[in-house]
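# Analysis of the macromolecular model
Letter by letter, the chains look like this.
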Amino acid sequence: MKKIMVGLKRVVDYNVRIRVKPDGSGVITDGVKMSINPFDEIALEEALRIKERGEAEEVIAVSIGPADAQQQLRTGLAMGADRAILVQTDELVESLDAARTLLKLIEKESPELVIVGKQAIDDDNGQTGAMLAALWDRPQATCVSEVTFADGKATVTREVDSGLETIEVDLPAVLTADLRLNEPRYVKLPDIMKAKRKPLETVSMEDLGVALEPQLKIVKTDPPAQRQKGVMVEDVDGLISALKDKGLL
Amino acid sequence: MGRILIIAEHDGSTLNSSTSKCVSCATGIENDGIDIVVFATSGADIASQAAGLAGVAKVLHVDNEANAKPLAAIIAPQVAAMAEPYSHILGPSTTFGKDLMPRVAGLLGVGQVSDIMTVIGPYTFQRPTYAGEAIITVEASADRKLVATVRSASYKTAASGGSAAVEALSVDANLPTHTRYGELKAAASDRPDLQTASRVICGGRALGSKENFDMVFKLADKLGAAVGATRAAVDAGYVPNETQVGQTGKIIAPELYIAFGISGAIQHVTGIKDAGTIVAVNKDAEAPIFEMADIGLVADLFTVIPELESKLG
Ligand SMILES: Cc1cc2nc3c(=O)[nH]c(=O)nc-3n(C[C@H](O)[C@H](O)[C@H](O)COP(=O)(O)OP(=O)(O)OC[C@H]3O[C@@H](n4cnc5c(N)ncnc54)[C@H](O)[C@@H]3O)c2cc1C
């Protein structure tokens, strides 16, 4: 393979306790730690390992988002990506528009493989990879926990509800990374310094010829329903009688 | 108003209960009829199971050798080819639906609403974001087809006793050859299915080993319960991936859920919020799982599990 393209989304860090704004207009993101979506980090790690095995020549990290998403791309470069592209926009980009944007980058870069996370932990949509594969008219392998390559094909293990499924897809293809695909590396300080000299190109939606077409309006954001406060029991006997009281034993 | 199409999930012989939950969701959307489509090699039998779901108008089965296995790249173009009469196209938010539906949406050039938990109006829905910590109300444009997945844990199965018409359908779609099915490795188990079990026992990292996890299985067998796990326990290799419960695993809604040695990370608890009764056993009184437990016990699981098992007789 010559090129692998990886999508990195800037999201609220998974350790942050999310709070919904009192007026229901969204969640509080001011002053909150932002990171690469964990699944996208796994996607990038996999691309780097493929390259390090000598099976690919170049790894391109791309992000669609605000100017600050440069931070996540710099982290991606520090992990080992060769170059980065930011499609800069302050708009909320829906999955279909993200897929259309990535397709434009694919047309420019002609990667043999695109890897993205199976879902972003902010909107939890889990759509972009499969939508991109549809628009590109290429195979998809979602929820990937293992992948090997031979003869222009990828053999993929997918985590499905009933166990592990293997499929074979011709390249080019889109993969979406699941948790157990790998454990991403930590970036070291010298890598961060080195990453500052790697190319990071910024383009606009207009440069790519993409007009956003939002279709899903978020009317309101609510905190989840709270469960009623429960009871604490002292010991196993207490547990058994509490369960009996509820008719559960 | 328009017709609703539901894509059936099945294993080649039996209809998955997630399809029935899609029907329950669909009945809450104003419609001119709810149809189900079964993609299989010979789907008449599965179609007749679907026809028994109350509220369904018609069940179509598209029989084709290419439909032997659930490959999104093969099924999606067939769904797109038959989408014309429908205003809404629904699938379950299982790994089957999560793989298929966005490919369908991509082919149709429409957005998707993932994980519908509440129907507010024909194009307005509530769905979870941020691992269930923020519930959004989203309004889709009424002048396009709506593609969505249904969060199974938010719905009860549809009543039986329906008698929908069953029809074979042939669709004219170009099916790709670039994607080939290999095999499914499923751990053979005669335990209840995690997604439909009325009782679930979940173990976390604290179990410490695959061998120790046997305690959980023994107790589960005694209670007729399914076994689930946290990501930490799956990552450590104590149990297989299909037992993972949470944001990126299964979302479950049993009557009784018992957590042993689980801290209660949001990514895990988003998968159990719809459980009837939540029981937590953890040796740390400060563990966040106690904030949502109906019954809590601060104790060492290595003494609680054997004691519970023997006292349940
Ligand atoms: C992108 C992403 C997605 C994720 N998706 C999921 C998901 O789908 N599902 C999921 O589960 N997790 C998920 N996680 C991981 C999640 O954040 C937590 O790390 C995980 O749930 C913790 O598992 P645990 O409770 O088993 O382990 P820990 O958090 O380590 O908790 C262990 C608990 O056991 C208790 N304990 C220890 N010894 C004993 C004993 N002898 N007796 C009783 N109690 C004891 C401790 O007090 C502690 O509370 C995800 C994380 C990320 C970043």
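What you see is a predicted model, and the numbers here were worked out from it, not measured in a lab.

## Quick notes on a nonpolar patch on the surface
On the surface, a nonpolar cluster with roughly 340 Å² of combined accessible area is contributed by V187, L189, I192 and M193 of chain A. Following the sequence through the fold, V187 of chain A ends up in the loop between β10 (173–177) and α5 (189–195).

## Section: the packing of aromatic side chains
All names here are of chain B. According to the stated counting rule, one finds two aromatic pairs over all chains in the structure shown. Residues F213 and F217 carry aromatic rings whose centres are separated by 5.9 Å and whose planes lie at 55° to one another, so their mutual orientation is tilted. On the criterion of helical spacing, the pair formed by F213 and F217 is a turn pair, its members being four residues apart in helix α5 (residues 210–223). Across the pair, F217 and F213 agree in class, each one buried. Where F213 meets Y238, the ring centres are 6.5 Å apart and the plane angle is 45°; that geometry is what we call tilted. With a gap of 25 residues between them, F213 in helix α5 and Y238 in the loop between α6 (231–235) and β14 (256–260) connect regions that are remote in the sequence. Comparing F213 with Y238, the two get one shared label, buried.

## Some remarks on helix α8 (residues 301–311) of chain B
The complete set of buried residues in α8 of chain B reads L301, V304, I305, L308 and E309 of chain B. Across the axial projection of α8 of chain B, the buried residues extend over an arc of 120°, all falling on one side.

## Re unusual backbone geometry
Going from L171 of chain A to P172 of chain A, the amide bond is cis rather than trans, its omega being -5°. Among the structural elements, P172 of chain A can be located in the loop between β9 (163–170) and β10. With phi around 60°, D115 of chain B is a residue other than glycine that occupies positive phi space. Of note, D115 of chain B is situated in strand β5 (residues 112–116).

## Overview of the sheet that holds strand β10 (residues 165–168) of chain B
All names here are of chain B. Strands sit in the order β5-β9-β4-β1-β2-β3-β10 across an open sheet of seven strands; the sheet is parallel. Single-partner strands in this sheet number two, and they are β5 and β10. Here the average twist between neighbouring strands, direction ignored, is 25°. In the packing of helix α3 (residues 72–81) onto the sheet, contacts are made with β1 (3–7), β2 (34–40), β3 (58–63) and β4 (86–92), and the angle to β2 comes to roughly 145°.

## Points about α3 of chain B
For α3 of chain B, a buried count of eight out of ten residues is recorded, marking the element as mostly surrounded by other parts of the structure. Among the residues of α3 of chain B, those classed as buried are A72, A73, I74, I75, A76, P77, Q78 and V79 of chain B.

## A short note on the packing of α3 of chain B against helix α4 (residues 95–108) of chain B
Residues and elements named next belong to chain B. At a closest axis distance of 9 Å, the pairing of α3 and α4 adopts a crossing angle of 50°. Taken together, the axes of α3 and α4 lie oblique to each other. Seen along the crossing, α3 lies across α4 with a hand that is right-handed. On the side of α3, the interface is formed by A72, A73, I75, A76, P77, V79 and A80, while α4 contributes F96, D99, L100, R103, V104, L107 and L108. By residue class, the composition of the contact of α3 with α4 is twelve nonpolar, no polar and two charged.

## Concerning the environment of K222 of chain B
Residues and elements named next belong to chain B. Note that K222 resides in helix α5. According to the relative accessible area criterion, K222 is partly exposed, its value standing at 38%. Spatially, the C-alpha atoms of K222 and S310 are 9.8 Å apart, while their sequence positions differ by 88 residues. With residues near it in sequence (within four places) discarded, K222 still touches E309, L312 and G313.

## Some remarks on the interface of chain A and chain B
Each side of the interface is counted separately: chain A has 72 residues, and chain B has 82 residues. Counting the surface lost from both chain A and chain B, the interface buries some 6,700 Å², and carbon and sulfur atoms represent 52% of this. On the chain A side of the interface with chain B, the three residues burying the most area are D161, Q215 and R227 of chain A, jointly 12% of the side's total. Run the count over chain A and chain B and you get seven salt bridges. Between R158 of chain A and D99 of chain B there is a salt bridge, with its nearest N and O atoms 3.7 Å apart. Within the residue set of the side of chain A that touches chain B, elements represented by two or more residues are α4 (128–136), β7 (140–150), β8 (153–160), β9, β12 (216–222), β13 (231–233) and α7 (236–245) of chain A. Among the elements that line the side of chain A that touches chain B, the one with the most residues is β9 of chain A, at eight residues.

## A few points about the packing of helix α3 (residues 95–109) of chain A against α4 of chain A
Residue and element names in this part refer to chain A. Running from N to C, α3 and α4 cross one another at 50°; their axes reach a closest spacing of 8 Å. Classed by the angle they form, the pair α3 and α4 counts as oblique. For the pair α3 and α4, the crossing hand works out as right-handed. For the pair formed by α3 and α4, the contact residues are S95, L96, A98, A99, R100, L102, L103 and I106 on the first element and T128, M131, L132, L135 and W136 on the second. Among the residues making up the contact of α3 with α4, the classes are represented as ten nonpolar, two polar and one charged.

## Overview of the nonpolar core
I7, I89 and L100 of chain B are the most contacted members of the largest nonpolar core, which totals 45 residues. Per-element tally for this core: the top contributor is α3 of chain A, with seven residues. A69, A81, V147 and A173 of chain A belong to the second largest nonpolar core, which has 44 residues in total.

## Let's talk about the pattern of salt bridges
Note on pairing: side chains with opposite charge can pair once their charged atoms come close. By the definition in use, this model includes 35 salt bridges over all chains. Residues R53 of chain A and E55 of chain A are paired through a salt bridge, measuring 2.8 Å at the closest nitrogen-oxygen approach. A salt bridge links K311 of chain B to D237 of chain A, with the shortest nitrogen-to-oxygen separation between them at 3.0 Å. Within this pair, whereas K311 of chain B is found in helix α8, its partner D237 of chain A is found in helix α7, the two belonging to separate chains.

What counts as what
Counting restarts for each chain, with residues numbered from 1 along the sequence as it is written. Whichever chain is written first becomes A and whichever ligand is written first becomes 1, with later ones labelled in order. It should be noted that, the model being predicted, local features are given only for residues of pLDDT at least 70 and side-chain atom pairs only at 80 or more, the latter also being counted only at that level, while totals for whole chains, interfaces and linings use all residues. Side-chain numbers here rest on the full set of heavy atoms in the structure, without hydrogens or water. Note that patches include only residues with greater than 30% relative accessible area and no salt bridge, and the join distances are 9 Å for like charges and 5 Å for nonpolar side chains (Val, Leu, Ile, Met, Phe, Trp, Tyr). For the area figures, the Shrake-Rupley method with a 1.4 Å probe applies, and any residue is considered shielded solely by the protein chains shown. By salt bridge we mean one thing: a side-chain nitrogen of Lys or Arg within 4 Å of a carboxyl oxygen of Asp or Glu. Strands are runs of DSSP state E lasting at least two residues, helices are runs of H or I lasting at least four, and both sets are numbered from the N terminus onward. Here a pair means two rings of Phe, Tyr or Trp (six-membered ring of Trp) with centres within 6.5 Å. Their orientation is stacked below 30 degrees between planes, edge-to-face above 60, and tilted elsewhere. Exposure categories follow from relative accessible area, calculated using a 1.4 Å probe and restricted to protein chains: below 20% of the type maximum is buried, above 50% is exposed, and the middle band is partly exposed. Arc definition: directions from the helix axis to the C-beta atoms. When DSSP finds two or more bridges between two strands, those strands count as paired. Here an angle of 0 to 180 degrees is reported between the N-to-C directions of two axes, which are lines fitted to C-alpha atoms, with helices fitted over the stretch in contact. Contacts are assigned to residue pairs with any non-hydrogen atoms lying within 4.5 Å of each other. In this scheme, roughly parallel covers angles under 35 degrees and roughly antiparallel covers those over 145, while 65 to 115 is roughly perpendicular and the rest are oblique. Here a crossing is called left-handed whenever its near helix is offset anticlockwise from the far helix by less than a right angle, and right-handed whenever the offset is clockwise. Each residue is assigned to one class: nonpolar for Ala, Val, Leu, Ile, Met, Phe, Trp, Tyr, Cys and Pro, charged for Asp, Glu, Lys and Arg, and polar for all the others, Gly among them. Using a 1.4 Å probe, buried area is obtained as the accessible area two parts lose upon being combined, added over both of them. We define a nonpolar core as any set of buried Ala, Val, Leu, Ile, Met, Phe, Trp, Tyr and Cys residues linked to one another through side-chain atoms lying within 4.5 Å.

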